[in-house]
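Commentary on secondary and tertiary structure
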Amino acid sequence: MNKFSKLIVTLVASLGIAGATTVAINQAPALPTVQAASTENLDLANRDIAGYIDNCQQYESSDKQFRGFTSIKQITYTSKHTIRVNINNDIFQLSKSRRSLLIDILQNGVISTLMDNDLANFNQAAVQKGCKTNIYLNDQVIGHSAADNYRQIVWSK
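Fair warning: this is a prediction, and the values are worked out from it, not measured in the lab.

Conventions adopted
- Residues numbered from 1 in each chain as written.
- Predicted model: local features only at pLDDT ≥ 70, side-chain atom pairs only at ≥ 80, totals over all residues.
- Heavy atoms only, no water.
- Helix = DSSP H or I, 4+ residues; strand = E, 2+ residues; numbered from the N terminus.
- Buried < 20%, exposed > 50% of the residue type's maximum accessible area, 1.4 Å probe, protein only.
- Axes fitted to C-alpha atoms, helices over the stretch in contact; angles between N-to-C directions.
- Parallel < 35°, antiparallel > 145°, perpendicular 65-115°, else oblique.
- Left-handed = near helix turned anticlockwise from the far one by under 90°.
- Contact = heavy atoms within 4.5 Å.
- Nonpolar A, V, L, I, M, F, W, Y, C, P; charged D, E, K, R; others polar.
- Pairing = 2+ DSSP bridges.
- Phe/Tyr/Trp six-rings, centres within 6.5 Å; stacked < 30°, edge-to-face > 60°.

Backbone geometry places N138, a non-glycine residue, at a positive phi of 50°. Its location among the elements puts N138 in the loop between β3 (132–137) and β4 (140–146). Residue N138 is classed as exposed on the basis of its relative accessible area, which comes to 57%. The phi dihedral of D139 falls on the positive side, at around 65°, and the residue is not glycine. Its location among the elements puts D139 in the loop between β3 and β4.

Here we take up the packing of helix α2 (residues 39–59) against helix α3 (residues 96–116). Where α2 meets α3, the closest approach of the two axes is 10 Å, and the angle between their N-to-C directions is 130°. It follows from the interaxial angle that α2 and α3 lie oblique. Two packed elements cross with a definite hand, and for α2 against α3 that hand is right-handed. For the pair α2 and α3, contact is made by A45, D48, I49, Y52 and I53 and by I105, L106, G109, V110, T113 and L114, respectively. Taken together, the residues of the contact of α2 with α3 break down into 8 nonpolar, 2 polar and 1 charged.

A separate point is the pairing of strand β2 (residues 82–87). The buried count for β2 comes to 5 of 6 residues, which makes it a mostly enclosed element. Relative to β3, β2 is paired through 6 bridges, and the arrangement is parallel. Bridging across to β3, R84 finds its partner in N134.

Moving on to the packing of aromatic side chains. With the rule as written, the count across this model stands at 2 aromatic pairs. Measuring from centroid to centroid gives 5.8 Å for F66 and F69, while their planes differ by 50°, and the two rings are tilted. Since its relative accessible area comes to 0%, F69 is described here as buried. Ring pairs connect the aromatic residues Y59, F66 and F69, which therefore count as one cluster.

Next up on the list: the sheet that holds strand β1 (residues 72–79). Spatially, 5 strands are ordered β1-β2-β3-β4-β5 in an open sheet, and the strand pairing comes out mixed. Looking at the sheet topology across the chains shown, the edges are occupied by β1 and β5 (149–155). The mean angle between the axes of side-by-side strands here comes to 25°, regardless of whether they run parallel or antiparallel. As paired strands, β3 and β4 are joined by 4 bridges and run antiparallel to one another. Of the residues in β4, the one forming a bridge with N134 is H144.

So, in structure tokens, the structure goes:
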């Protein structure tokens, strides 16, 4: 995991413990949201995101800041500012507020992973807005981003 990603994960997790709203820090120059993604770039992005999730899951047993990461089966960056999160039933052991915080942390991790590996350029407004997110359990949508605020998750279960 790159230094910037580790810094973001630590920063976001620390803010999450304190109950504060999390916002990733953008060091990239202000460019139009995300560059056009080729199939190759999407494959690279999803490989790197899988590595990010694996790293976070390793810390879950020893650091409660990472609680809930093992309920994430896969995250797929599908297109400009859109992610699909596949979860398992363990997610229901978390409160709705903790689930929402977990998704917010994941959005920050996805954004920083994409930026660290030059797979996407986000301006400050795009970082603050987050990624449109759909959450699936057994191919059924159980949560999604609010239309006006991608950081807010609407849970159906």
